[in-house]
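Each chain is listed here by its residues.
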Amino acid sequence: MTGPAELLRDFVNTYDVEGDADDLASPAELTVWLRERGLIGEADRAMDRDLTVATHLREGLRGALRHNHDGVPHEIPDELDSALAALPMRVALAGGTPTLEPAVSGVAAGLARIAALIPAAHADGTWRRLKVCVENTCQWAFIDSSKNRSRSWCSMRVCGNRTKTRAYRARRQSEGTARPS
């Protein structure tokens, strides 16, 4: 079973910043993505407005996850705030345990289920480990499994190497242009 952080990560990663590839480029693709994860029923179909809310939710989450590197609470990104406002939820007591449930139906309910994963990830302690790669050209979401929660890149081999190589070249260039005193 997938935990809340994994599903949030997967949702954010439906857009590949580096490759400019969007798995949710149409209402039909949004419908398929939500259905494959059991978030909506067979009869539910996304509309353009659902796709707009989904995009705001996804990009708002990406913005929020950028702040999980410093561990300091930040203001909620406007995109995320507007998406959450469009996804009403209610508190339910399932087996005596309080949970957030969609107060809407259809595709909006599927998106509300994704939004409800935010407090669930906070509750299970995985929210602060959910980050996006600090490499501006990447922005891939990942779960930081390092002991001290200090991971910055989705992959040290790719994005970490790019960043370190750029820094090295910049140092070498500045050393070459520095004049002896």
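Reading guide: rules and limits
Think of each chain on its own: its residues are numbered from 1, step by step along the sequence as written. Local features in a predicted model are, by the rule used here, given only for residues with pLDDT of at least 70; side-chain atom pairs are given and counted only at 80 or more, and totals for whole chains, interfaces and linings are based on all residues. Side-chain numbers here rest on the full set of heavy atoms in the structure, without hydrogens or water. Helix numbering and strand numbering both begin at the N terminus, where a helix is a DSSP run of H or I of at least 4 residues and a strand a DSSP run of E of at least 2. Throughout, exposure labels follow a simple rule: accessible area from a 1.4 Å probe, protein chains only, divided by the maximum for the residue type, with under 20% read as buried, over 50% as exposed, and the rest as partly exposed. Throughout, a contact is declared for two residues whenever any of their heavy atoms are within 4.5 Å. Per-residue and other accessible areas were derived by the Shrake-Rupley procedure at a 1.4 Å probe size, with only the shown protein chains allowed to occlude residues. Here a cavity means grid points, on a 1 Å grid over the protein atoms only, where a 1.4 Å probe fits yet cannot get out; a pocket means an open set of points with protein on both sides within 12 Å along at least five of seven lines; lining residues are those with an atom within 4 Å of a point. Grid points are joined across faces, edges and corners, and a volume is the space filled by probe spheres set on the points. Asp, Glu, Lys and Arg are counted as charged, while Ala, Val, Leu, Ile, Met, Phe, Trp, Tyr, Cys and Pro are counted as nonpolar; the rest, among them Gly, fall into the polar class. Ring pairs are drawn from Phe, Tyr and Trp, using the six-membered ring of Trp, whenever the two centres fall within 6.5 Å, and their geometry is named by plane angle: stacked under 30 degrees, edge-to-face over 60, tilted for the rest. By arc we mean the arc of the directions from the helix axis to the C-beta atoms, nothing more. Lines fitted to C-alpha atoms define the axes here, with helix axes fitted over just the stretch in contact, and angles between the N-to-C directions of these axes take values from 0 to 180 degrees. Throughout, the term roughly parallel applies to angles under 35 degrees, roughly antiparallel to angles over 145, roughly perpendicular to angles from 65 to 115, and oblique to all others. A crossing counts as left-handed when the near helix is turned anticlockwise from the far one by less than a right angle, and as right-handed when that turn is clockwise.

**Side note on the overall build of the protein chain**
Scanning the protein chain for helices and strands turns up 7 helices and 6 strands. Sequence-ordered secondary structure for the protein chain, helices as α and strands as β, is α-β-β-α-α-α-β-β-α-α-β-β-α. Looking at the 181 residues of the protein chain, the share that counts as buried comes to 36%. By sequence separation, contacts in the protein chain at least 24 residues apart represent 53% of the contacts at least 6 residues apart. As displayed, the protein chain has an accessible area near 10,400 Å², and 52% of this comes from carbon and sulfur atoms.

**Section: unusual backbone geometry**
Although it is not a glycine, aspartate 20 adopts a positive phi angle of roughly 50 degrees. Its place among the elements puts aspartate 20 in the loop between strand 1 (15-16) and strand 2 (21-22). Phi at glutamine 139 takes a positive value of approximately 65 degrees, unusual for a residue other than glycine. Position of glutamine 139 among the secondary structure elements: in the loop between strand 5 (130-132) and strand 6 (141-143).

**Re the layout of surface pockets**
If a probe the size of a water molecule is rolled over the atoms, the empty space left behind becomes visible. What the largest pocket holds in volume is close to 210 Å³. Around the largest pocket, the lining comprises 15 residues; the ones closest to its centre are Ala64, His74, Ile76, His122 and Trp127. For the lining of the largest pocket, the secondary structure elements donating two or more residues are helix 4 (78-85) and helix 6 (117-124). When grouped by side-chain class, the residues that make up the lining of the largest pocket number 9 nonpolar, 4 polar and 2 charged.

**Focus: the packing of aromatic side chains**
A full pass over the atoms with the stated rule returns 1 aromatic pair. Between phenylalanine 11 and tryptophan 33 the ring centres are 5.4 Å apart and the planes differ by 55 degrees, which places this aromatic pair in the tilted class. Taken as a pair, phenylalanine 11 in helix 1 (residues 4-12) and tryptophan 33 in helix 2 (residues 27-36) lie far apart in primary sequence, 22 residues in all. The class of tryptophan 33 is buried, set by a relative accessible area of 6%.

**Considerations on helix 2**
Within the span of helix 2, buried status applies to Pro27, Leu30, Thr31, Trp33 and Leu34. For helix 2, the buried positions fall inside an angular range of 165 degrees around the axis, keeping them on one side. Turned more than 90 degrees away from the buried face of helix 2, the exposed residues are Ala28 and Glu36. Buried-residue contacts for helix 2 involve helix 1, helix 3 (48-66) and helix 5 (106-115).

**Some points on the packing of helix 3 against helix 4**
One way to put it is that helix 3 packs onto helix 4 with a least axis distance of 7 Å and a crossing angle of 135 degrees. With respect to helix 4, the axis of helix 3 lies oblique. Crossing geometry of helix 3 relative to helix 4 is assigned as left-handed. Residues Val53, His56, Leu57, Glu59, Gly60, Leu61 and Ala64 of helix 3 touch helix 4, and the partners they reach there are Glu79, Leu80, Ser82, Ala83 and Leu84. Here the contact of helix 3 with helix 4 is built from residues that sort into 7 nonpolar, 3 polar and 2 charged.

The values reported here are purely geometric and, on their own, carry no functional implication.
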